[in-house]
Amino acid sequence: MRTTYAQGENSNIEFIYTTLRGSFRMWGPSHFCLIFFLWACLDALPVAVDKTKVSPPVEELESPKSVDTGLHYDRYLREVIDFLEKDPHFREKLHNTDMEDIKQGNLAKELDFVSHHVRTKLDELKRQEVNRLRTLIKVKQDINGEKGMTVDHQALLKQFEHLNHMNPHTFEVEDLDRLIKSATNDLENFDKERHEDFKRYEMAKEHERKEHLKTLDEEARKKEEEHYEEMKKKHADHPKINHPGSQDQLKEVWEEADGLDPNDFDPKTFFNLHDTNGDGYFDEQELEALFTKELEKVYDPTHEEDDMLEMEEERLRMREHVMNEVDTNRDRLVSLDEFITATNRKEFLEPDGWETLEQNPVYTDEELREFEEHLAREEQDLNLRTNDLMKQREELDRQQEQLNAQKMELQRAVEHMEHLKTQKTEPPVQAKVPSAVEILPGDSQPMSQGHQQDLPSHS
Ligand SMILES: [Ca+2]
Ligand SMILES: [Ca+2]
């Protein structure tokens, strides 16, 4: 059961996501078992792990022997579970508790009843973990210190929110609580971040479009705006979208993707057909795959008016919607029971329509304004820095010019000096030759030559 869902995702985020999803799958309605959940976090993924990609930098400083789940607290988690499993009271409680209890932290309170020697061991584990974290922080600090950089201590500590730093010595109820919440938050934040990323993407797209319009003359701008409106209309013009998770929607998959007779539609058969990994649950990926037919009605990668990133956002919206309606125990999985229950509801048989993405603006005017202001501020900062650099360069140019001028001046001075020097040395020779001739008029040539030869030695 544990190895069925490691399907080969490579990127870090997807990997953590799959890991966590796999672990949540362990919470079947028949056995809400925290031990299995936590164990699954640690144990379920040897198949598709690319260790070079999943290890966060801090983790690399650790013992290479630890099983790397992509979660920074995996070893700690494993050891905690090891010891909790050994306590008969805690073990029994696990089997008799439900999901809400676990999320509310009621299970963590059971720790109060855990027998003394297990508690002592947990305390020791916590001390070890705190020490390990301290060492990591110290190492990181040293590394950064060497480069002359300062380290954000608080940010580093925040990476380890599963530990109560105010009490580093004993393992408390709160610690188990933190472990559970930390894992749950990782998952919930994942969808939230995807929505935020998408919103920014859409706002950037709109901003770019508006900026482009500014560069055009009146006529071209009008043409461009008309084209934009036309594409928008074209995109919105598509066949009716079935309400995700409704009978109409599933029947269409049954008929078109599975090639079965719509009159034979049977929810249980449908469930088994699309539980692709056969673990008895629809996970998020399996659910999302069911919406491909609907999405293809709206999005075509060869059409200019269809943005495939928007298609993925729509897919996410559909999955979240169905999960909200069908996943009653909130374990992020749809069990067969949950599915069958949903197919008996009125909304399944007579669903409302589905409002697609373009009918639900992703951002408000206010948000776009703020986004653009933020961009403008960033641009302004960049401009200031550019101006600053330009000024520095001008100053350097000016200094260089000055230096050049000084060099030229110096050169001229040197040339002038040399010129003066040659004037001082050569003219006397010419002046003295005639005077020698004058002194000795009529004298023979050899005589005057001899006299000339002596001249340099006198000067
Ligand atoms: Ca499944
Ligand atoms: Ca469920």
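Residues numbered from 1 in each chain as written. Chains lettered and ligands numbered in written order. Predicted model: local features only at pLDDT ≥ 70, side-chain atom pairs only at ≥ 80, totals over all residues.

Peer 1: Before we go on, may I ask you to explain the overall build of the protein chain in this structure?
Peer 2: Each helix and strand counted, the protein chain has 20 helices and two strands in total. The buried share of the protein chain, taken over its 459 residues, is 22%. The long-range share in the protein chain, meaning contacts at least 24 apart out of those at least 6 apart in sequence, stands at 68%. (Helix = DSSP H or I, 4+ residues; strand = E, 2+ residues; numbered from the N terminus. Buried ≥ 20, exposed ≤ 12 C-beta atoms within 10 Å, placed from the backbone. Contact = placed C-beta atoms within 7 Å.)

Peer 1: I tried to follow the packing of helix α13 (residues 267-274) against helix α17 (residues 336-343) on my own but got confused; where do I start?
Peer 2: If you want to describe how two helices pack, look at the angle between their axes and the distance between the axes. In contact at an axis separation of 10 Å, α13 and α17 are set at 140° when each is read in the N-to-C sense. If you check the angle between α13 and α17, you find them oblique. In terms of crossing hand, the pair formed by α13 and α17 is right-handed. Counting all contacts with α13, which are made through P267, K268 and F271, the residues of α17 involved are L336, F339, I340 and T343. (Axes fitted to C-alpha atoms, helices over the stretch in contact; angles between N-to-C directions. Parallel < 35°, antiparallel > 145°, perpendicular 65-115°, else oblique. Left-handed = near helix turned anticlockwise from the far one by under 90°.)

Peer 1: Can you help me understand the nonpolar core in this one?
Peer 2: Side chains of a nonpolar character, in soluble globular proteins, are inclined to be buried together. Judged by nonpolar contacts, the single largest core of 15 residues is most densely connected at F282, L287, V334 and F339. If you list the elements that add at least two residues to this core, you get α12 (247-257), β1 (281-282) and α16 (308-326). The residues touching F282, leaving out its near neighbours within four places in the chain, are H274, D275, L287, L333, V334 and F339. In terms of nonpolar packing, the next biggest core, distinct from the first, is built from eight residues, I81, F90, V118 and L122 among them. (Core = buried A, V, L, I, M, F, W, Y, C linked by C-beta atoms within 7 Å.)

Peer 1: In this structure, what is going on with the UniProt feature "domain: EF-hand" (unreviewed entry) in the protein chain? I would like to understand it.
Peer 2: UniProt marks residues 262-297 with the feature "domain: EF-hand" (unreviewed entry), using the numbering shown here. Taken end to end, residues 262-297 comprises 56% helix and 6% strand; its first and last C-alpha atoms sit 19 Å apart. (UniProt positions renumbered as here; feature names shortened; annotations may be inferred.)

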